[in-house]
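Overview (structure and organization)
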Amino acid sequence: MRMGMKSTHYQVLGLNCDSSLQCIKKAYKERLLSSHPDKTGNDSSNDEVNKIQEAYKVLSDPALREIYDKSLRDEHKKQGLHSSGDGLDEYSLDEFNFDRIIGEYCMNCPRCHGKDGFHFSEETLEEHCEERPNGGFIVVAQCSACSLWIKVNFDLADEYEQADV
Ligand SMILES: [Zn+2]
């Protein structure tokens, strides 16, 4: 499973998908100020400014934002991941086996019992996880066999500590 590296408009502005218009406006101003070429003395930040303006143009317009949100959801579906996992069963990454050969976390599907129905790499986790308000991270994943969605909780810091042992 290969993930795209392109930042979403939300990532460009450092926002969550459910940010209010007020938050979007505030983030836009802050980002614009901190990325302005006059401020950074760096021509390449023009790109950054363009991205910020494009992100703001879409997210500040409710109609454009709705279309964009839908395209994001479709994109996530294609990748077997999505970002709003309300009402899904929760699992811990501890319940996954880490396959060192392919470098992915794998778990048999609890519904269809498909072998390694759930599997993703550490990169995928880091790119698609969201921080939980009460600590740790969460990623929402889909069984490749039966399309069941689950939430997977994990803690990056723990993973890194274990890697040092
Ligand atoms: Zn399944």
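Residues numbered from 1 in each chain as written. Predicted model: local features only at pLDDT ≥ 70, side-chain atom pairs only at ≥ 80, totals over all residues. Heavy atoms only, no water.

It is worth spelling out the overall build of the protein at this point. Each helix and strand in the protein was counted, giving seven helices and seven strands. Counting across all 165 residues of the protein, residues that qualify as buried make up 39%. Relative to all contacts within the protein whose residues are 6 or more apart in sequence, the contacts with residues 24 or more apart total 52%. Summed over all atoms, the accessible surface of the protein reaches about 10,700 Å², with 48% contributed by carbon and sulfur. (Helix = DSSP H or I, 4+ residues; strand = E, 2+ residues; numbered from the N terminus. Buried < 20%, exposed > 50% of the residue type's maximum accessible area, 1.4 Å probe, protein only. Contact = heavy atoms within 4.5 Å. Areas by Shrake-Rupley, 256 points an atom, 1.4 Å probe, with all protein chains shown as cover.)

What follows deals with the packing of aromatic side chains. Going through the model one piece at a time under the given rule, you end up with five aromatic pairs. An angle of 40° between the planes, with centres 6.2 Å apart, marks the rings of Y10 and Y68 as tilted. Of the two residues, Y10 is situated in helix α1 (residues 9–13) and Y68 in helix α5 (residues 62–79); the sequence distance between them amounts to 58 residues. In this structure, Y10 and Y68 share a single accessibility class: buried. Consider the rings of F96 and F120, whose centres lie 5.3 Å apart with planes at 35°: the pair is tilted. Of this pair, F96 sits in the loop between β1 (90–92) and β2 (97–99) while F120 sits in strand β4 (residues 118–121), and the two are 24 residues apart along the sequence. Of the two residues, F96 and F120, both sit in the buried class. (Phe/Tyr/Trp six-rings, centres within 6.5 Å; stacked < 30°, edge-to-face > 60°.)

Next up on the list: the sheet that holds β1. Pairing is mixed across the open sheet formed by four strands, whose spatial order is β1-β7-β6-β5. Each edge of the open sheet is held by one strand with a lone partner, namely β1 and β5 (130–131). As defined by bridge partners, β5 adjoins strand β6 (residues 137–142) across two bridges and the pair is classed as antiparallel. Bridge assignment links E131 to a residue of β6, and that residue is F137. (Pairing = 2+ DSSP bridges.)

The next point concerns the sheet that holds β4. The three strands lie next to each other as β2-β3-β4, forming an open sheet whose pairing is antiparallel. The open sheet has two edge strands, β2 and β4, and neither has a second partner. Strand-to-strand twist in this sheet, taken as the mean axis angle between neighbours without regard to direction, amounts to 25°. (Axes fitted to C-alpha atoms, helices over the stretch in contact; angles between N-to-C directions.)

Further remarks concern the coordination of the zinc ion. With distances of 2.2 to 2.3 Å, the protein atoms coordinating the zinc ion are C109 (SG), C112 (SG), C143 (SG) and C146 (SG). Here the zinc ion is ringed by four donor atoms whose angles at the metal span 106 to 113°, and the overall shape comes out tetrahedral. Motif for the zinc ion, donor spacing along one chain: C-x2-C-x30-C-x2-C. C109 sits in the buried class, given a relative accessible area of 1%. For C112, a relative accessible area of 32% puts it in the partly exposed group. (Donors = N, O, S within 2.8 Å, 3.2 Å for Na, K, Ca; no water. Tetrahedral: all angles 85-135°; square planar, octahedral: opposite > 155°, others 65-115°.)

So, on to the environment of N97. For N97, the location among the structural elements is in strand β2. Dropping the residues within four chain positions of it, N97 is found in contact with E104, Y105 and C106.

Attention now goes to the nonpolar core. Nonpolar side chains tend to gather and get buried jointly when the protein is soluble and globular. In terms of nonpolar packing, the biggest core is built from 18 residues, with L93, F96, F118, F120 and I150 touching the most fellow members. Listing elements by their share of this core, those giving two or more residues are β3 (104–107), β4, β6 and β7 (149–154). By size, the runner-up hydrophobic cluster in this structure holds 16 residues, among which are Y10, L15, I24 and V49. (Core = buried A, V, L, I, M, F, W, Y, C linked by side-chain atoms within 4.5 Å.)

Tallied over the full model, the rule gives six salt bridges. Between K57 and E54 there is a salt bridge, with its nearest N and O atoms 3.8 Å apart. Within this pair, K57 and its partner E54 are both found in helix α4 (residues 45–59), separated by three residues, close to a single helical turn. Salt bridges sharing partners connect three or more residues here, namely E90, R132 and K151. (Salt bridge = Lys/Arg side-chain N within 4 Å of Asp/Glu carboxyl O.)

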